[in-house]
Amino acid sequence: MEQRVSLVTLGVADTHRAQAFYEALGWAGESPDDDVVFFQAGGMIVALWGRDKLAEDSRVDDGGGWGGVTLAYNVASPAEVDAVLAEAEAAGATIGRPGTATFWGGYSGIFIDPDGHPWEVAHNPGWVLQDDGSVALH
């Protein structure tokens, strides 16, 4: 198996509401069947699908709690972290942690989407941020 991720699917309570939230952030998605929404996110895809359907398809019991995953969005500066957090809040996100200096030498904050999925918005001066938004460890 190659070391890569092709698709991340977020289980959501209301697919249309979740789509509207991400589109308010400037994302453009498509839905082939009005049941699932796909967003091209660089070299991978982020999908929104009913949480109940995702749990059934994944063969897991959904206790309704946080799933132990935080998504991340890296930017080129601390000012961009604050700008993205403000944009997310305006779109309906809850700010879990405002932008602040981190113990690892960067700057980051957290927003939580309407379905409880946390997103870290981070500036990591130790990583290389490519023009296409992808990151490299070196």
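Residues numbered from 1 in each chain as written. Predicted model: local features only at pLDDT ≥ 70, side-chain atom pairs only at ≥ 80, totals over all residues. Heavy atoms only, no water.

## Section: the overall build of the protein
Secondary structure summary: the protein contains three helices and 10 strands in total. Against the compact-globule benchmark of 14 Å for 138 residues, the protein has a radius of gyration of 15 Å, which places it among compact chains. The principal-axis extent of the C-alpha atoms belonging to the protein is close to 40 × 35 × 30 Å. With 138 residues in all, the protein has 31% of them scored as buried. When contacts within the protein are restricted to residue pairs at least 6 apart in sequence, long-range pairs at least 24 apart make up 47% of them. As displayed, the protein offers around 8,500 Å² of accessible surface, 53% of which is attributable to carbon and sulfur atoms. Taken together, the 6 basic and 21 acidic charged side chains of the protein have centroids lying 7 Å from each other. (Helix = DSSP H or I, 4+ residues; strand = E, 2+ residues; numbered from the N terminus. Rg over C-alpha atoms; globule rule 2.2 N^0.38 Å. Buried < 20%, exposed > 50% of the residue type's maximum accessible area, 1.4 Å probe, protein only. Contact = heavy atoms within 4.5 Å. Areas by Shrake-Rupley, 256 points an atom, 1.4 Å probe, with all protein chains shown as cover. Lys, Arg positive; Asp, Glu negative; His and termini not counted. Charge placed at Lys NZ, Arg CZ, Asp CG, Glu CD.)

## Considerations on the environment of L71
Turning to its location among the elements, L71 is positioned in strand 5 (residues 71–74). Sequence separation between L71 and P98 is 27 residues, and the spatial gap between their C-alpha atoms is 16 Å. In contact with L71, other than residues within four places in its own chain, are V8, L10, P118, W119 and E120.

## A short note on the nonpolar core
L10, Y22, L48, F111 and V121 are the most contacted members of the largest nonpolar core, which has 21 residues in total. Elements represented by at least two residues in this core include exactly strand 1 (7–12), helix 1 (15–24), strand 3 (37–41), strand 4 (44–50), helix 3 (78–91), strand 7 (107–112) and strand 8 (118–123). Ranked by the residues each element gives to this core, the list is headed by helix 3, at four residues. Discounting chain neighbours no more than four positions away, the residues touching L48 are L10, V12, T15, A18, Q19, Y22, D35, V36, V37 and F39. (Core = buried A, V, L, I, M, F, W, Y, C linked by side-chain atoms within 4.5 Å.)

## Some thoughts on a nonpolar patch on the surface
A cluster of nonpolar side chains, W127, L129, V135 and L137, forms an exposed patch at the surface whose accessible area comes to about 350 Å². Looking at the secondary structure, you find L129 in strand 9 (residues 128–129). (Patch = residues over 30% accessible without salt bridge, like charges linked within 9 Å, V, L, I, M, F, W, Y side chains within 5 Å. Salt bridge = Lys/Arg side-chain N within 4 Å of Asp/Glu carboxyl O.)

## So, the packing of aromatic side chains
Under the criterion given, the structure shown has eight aromatic pairs. Judged by centre distance (5.8 Å) and plane angle (90°), the rings of W27 and W119 are edge-to-face. Highlighted residues: W27 in the loop between helix 1 and strand 2 (29–30) and W119 in strand 8, separated in sequence by 92 residues. Exposure remark for W27: the relative accessible area of 22% places this residue in the partly exposed category. (Phe/Tyr/Trp six-rings, centres within 6.5 Å; stacked < 30°, edge-to-face > 60°.)

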